[in-house]
Amino acid sequence: MFAGRKFLHSFELRPGRVSLDDLLQSCQRSGLTGFAEVKLSGGAGMILYYFGNEVNVIYREGNLAFHGAQAFAKLRSQIANLEGSVSVYELPMDAAHLLRGISNRRKLADPLVAVEDLQELLTQLETELHTGIVEIQTEPGTALLLIVAGRLSNTYWETSGGATLEKGEARERLEAALRRGTPATAFVSEFSREAWRSRSEMPGEAGGSKGLDRPDAMPAEQIADEEAALRARTLDRVQTELPSAIYAAFVDLYTGATVARRVRGNQAIPTALLAEKLPSFLSYLRDVIEAGGDELLAVEISSRDNFAVAVLSAPTREVLVLVGDRSQPATLIHGTLARTVERYARQAAATRGVAQPT
């Protein structure tokens, strides 16, 4: 279970009354970012959602665990024949984003028994510039720590009674639990951009599982390679169409990681500080804007000699960033970047076999 979750609703399952497709359609239509927990008399499963798309599924039956297509097949047959229940939870966007790309989850050999142990762990992750999640299970509750480039981005705490706290309050509760001296179990996971992108986000038709169970799905490694090549071609095109572009890059919106970049020789040296600060600034703006129910689309930052423009590619949750001089009109640059991002999103969708709305 994930600290920070918000319970939405639950319902009982009866053989022959509700199918897996009924459950999928319900979560798809609501645009759920979170997970559906399925408990059956013969096993249990979890389907992770991101903007209404199924991006991962796990099913456990006794000591056996199934993932992806196998898990879907198990869930489909078991829901049709067994009694159980479904609980649906919403997750904070920053937590859901990291969970979608999580990999290499491992249990720490030594439990945490004091606040100093927690600080030592965070210091180690900071040194490693770790991006991922730390889960800490204690008697009073469970903590979920989001780490981005070694920095503690957010903390969620869920009490044993189900109440959820965030940020400073969550950290205080976690430290209070560690002061009790009872050993706490900790798990560390890594965020992988390749895993994030390879977890299918198919548009799906009524009753479909949006590609997670497609036998013809492209291997994750091939998807990652093709998308890396697509980013490279896109940045090359930007520098060709916009001679004023000194620095161009794709930035992951939620982690701030720069996943591809192009620099125009020594001209980029004066703009290096601005380019370095842009990812964290965009993450800050995302938090402020989305807290009000709106979404970040484009940002422009100007200085005396240079300016930066950032345009969001919503389907891929990436931002195309350009830092340039003032030799070309801002309207031309904005228009070019907007068209480039639209083209990039369509081509990225085609790489994964995702149909885009027209």
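In the block above lies the structure referred to throughout.
J.: Where do I start with the overall build of the protein in this structure?
T.: Within the protein, the secondary structure is distributed over nine helices and 17 strands. Looking at the protein as a whole, 49% of its 358 residues are labelled buried. Sequence-distant contacts, at least 24 apart, represent 63% of the contacts inside the protein between residues at least 6 apart. Carbon and sulfur atoms form 50% of the exposed surface of the protein, whose accessible area is close to 16800 Å².

J.: What's the story with the environment of leucine 82 in this structure? I'm lost.
T.: Summarising the element assignment, leucine 82 is placed in the loop between helix H2 (68–81) and strand E6 (84–90). Spatially, the C-alpha atom of leucine 82 lies 6.8 Å from that of arginine 14, the residues being 68 residues apart in sequence.

J.: Sorry, what's going on with the packing of helix H1 (residues 20–29) against H2 here?
T.: Helix packing geometry: the angle between the two helix axes and the distance between the axes. Where H1 meets H2, the closest approach of the two axes is 8 Å, and the angle between their N-to-C directions is 115°. Our classification of the angle between H1 and H2 gives roughly perpendicular. Residues Leu20, Asp21 and Leu24 of H1 touch H2, and the partners they reach there are Phe72, Leu75, Arg76 and Ile79. Across the contact of H1 with H2, the residue classes break down as five nonpolar, no polar and two charged.

J.: Help me understand the sheet that holds E6 in this model?
T.: Paired through backbone hydrogen bonds, the strands of a sheet run either parallel or antiparallel to each other. The strand order across the open sheet built from six strands is E1-E6-E2-E3-E4-E5, with neighbouring strands paired in antiparallel fashion. Edge positions in the sheet fall to strand E1 (6–13) and strand E5 (64–67), since each of these pairs with one other strand and no more. Taking the axes of each pair of neighbouring strands and ignoring which way they run, one obtains an average angle of 15° across the sheet. Contacts from H1 reach E1, strand E2 (34–40), strand E3 (43–50), strand E4 (53–61) and E6 within the one sheet, and its direction differs from that of E3 by about 30°. Against the sheet, H2 contacts E1, E2, E3, E4 and E5, and its axis sits at roughly 70° relative to E4.

J.: I tried to follow the pattern of salt bridges on my own but got confused; where do I start?
T.: Opposite charge on two side chains permits pairing when their charged atoms draw close. Counting across every chain of the model gives ten salt bridges. For glutamate 175, the salt bridge goes to arginine 171, with nearest N and O atoms at 3.0 Å. Of this pair, glutamate 175 and arginine 171 both sit in helix H5 (residues 167–178), four residues apart, which is roughly one turn of that helix. Among the residues examined, glutamate 175 registers a relative accessible area of 18% and is labelled buried. Between glutamate 318 and arginine 231 there is a salt bridge whose closest N-O contact spans 2.9 Å.

J.: Which parts of the structure should I look at to understand H1?
T.: One full turn of an α-helix is made of 3.6 residues, so residues set three or four places apart face in the same direction. Taken together, the buried positions of H1 are occupied by Leu20, Leu23, Leu24, Cys27 and Gln28. Here the buried residues of H1 occupy an arc of 130° about the axis, which is enough to place them on one side. Elements that come into contact with the buried residues of H1 comprise E1, E2, E3, E4, H2 and E6.

J.: Sorry if this is basic, but what is going on with the sheet that holds strand E10 (residues 151–159) here?
T.: Pairing within the open sheet is antiparallel, and its six strands lie in the order E7-E12-E8-E9-E10-E11. Looking at which strands have only one partner, the edges of the open sheet turn out to be strand E7 (102–107) and strand E11 (164–166). In this sheet, adjacent strand axes meet at a mean angle of 15° when their direction is disregarded. Sheet topology note: the strand E8 (residues 132–137)/strand E9 (residues 141–148) ladder contains six bridges and is antiparallel. Bridge pairing links glutamine 137 to threonine 142 in E9.

J.: What am I meant to see in unusual backbone geometry here?
T.: Excluding glycine, residues mostly carry a negative phi; peptide bonds, for their part, are mostly trans. Of note in this structure, alanine 149 is not a glycine but carries a positive phi near 50°. Locating alanine 149 in the fold gives a position in the loop between E9 and E10. Residue classification places alanine 149 among the partly exposed residues on the basis of a relative accessible area of 43%. Notably, lysine 167 is not glycine yet its phi reads approximately 55°, a positive angle.

J.: Looking at this structure, I do not really get the pairing of strand E16 (residues 306–313). What am I missing?
T.: Note on strand geometry: in a regular strand, side chains alternate between the two faces of the sheet. Burial analysis of E16 places eight of its eight residues in the buried class, which makes it a mostly covered element. On E16, burial covers both faces: Asn306, Ala308, Ala310 and Leu312 on one face and Phe307, Val309, Val311 and Ser313 on the other are all buried. With five bridges joining them, strand E15 (residues 298–302) and E16 adopt antiparallel strand pairing. Across the sheet, residue glutamate 300 finds its bridge partner in E16, namely valine 309. Where E15 folds back on E16, the antiparallel hairpin that results is connected by three residues. Bridge count for E16 against strand E17 (residues 318–325) is eight bridges, and the pairing is antiparallel.

Rules behind the numbers
Residues numbered from 1 in each chain as written. Predicted model: local features only at pLDDT ≥ 70, side-chain atom pairs only at ≥ 80, totals over all residues. Heavy atoms only, no water. Helix = DSSP H or I, 4+ residues; strand = E, 2+ residues; numbered from the N terminus. Buried < 20%, exposed > 50% of the residue type's maximum accessible area, 1.4 Å probe, protein only. Contact = heavy atoms within 4.5 Å. Areas by Shrake-Rupley, 256 points an atom, 1.4 Å probe, with all protein chains shown as cover. Axes fitted to C-alpha atoms, helices over the stretch in contact; angles between N-to-C directions. Parallel < 35°, antiparallel > 145°, perpendicular 65-115°, else oblique. Nonpolar A, V, L, I, M, F, W, Y, C, P; charged D, E, K, R; others polar. Pairing = 2+ DSSP bridges. Salt bridge = Lys/Arg side-chain N within 4 Å of Asp/Glu carboxyl O. Arc of directions from axis to C-beta.

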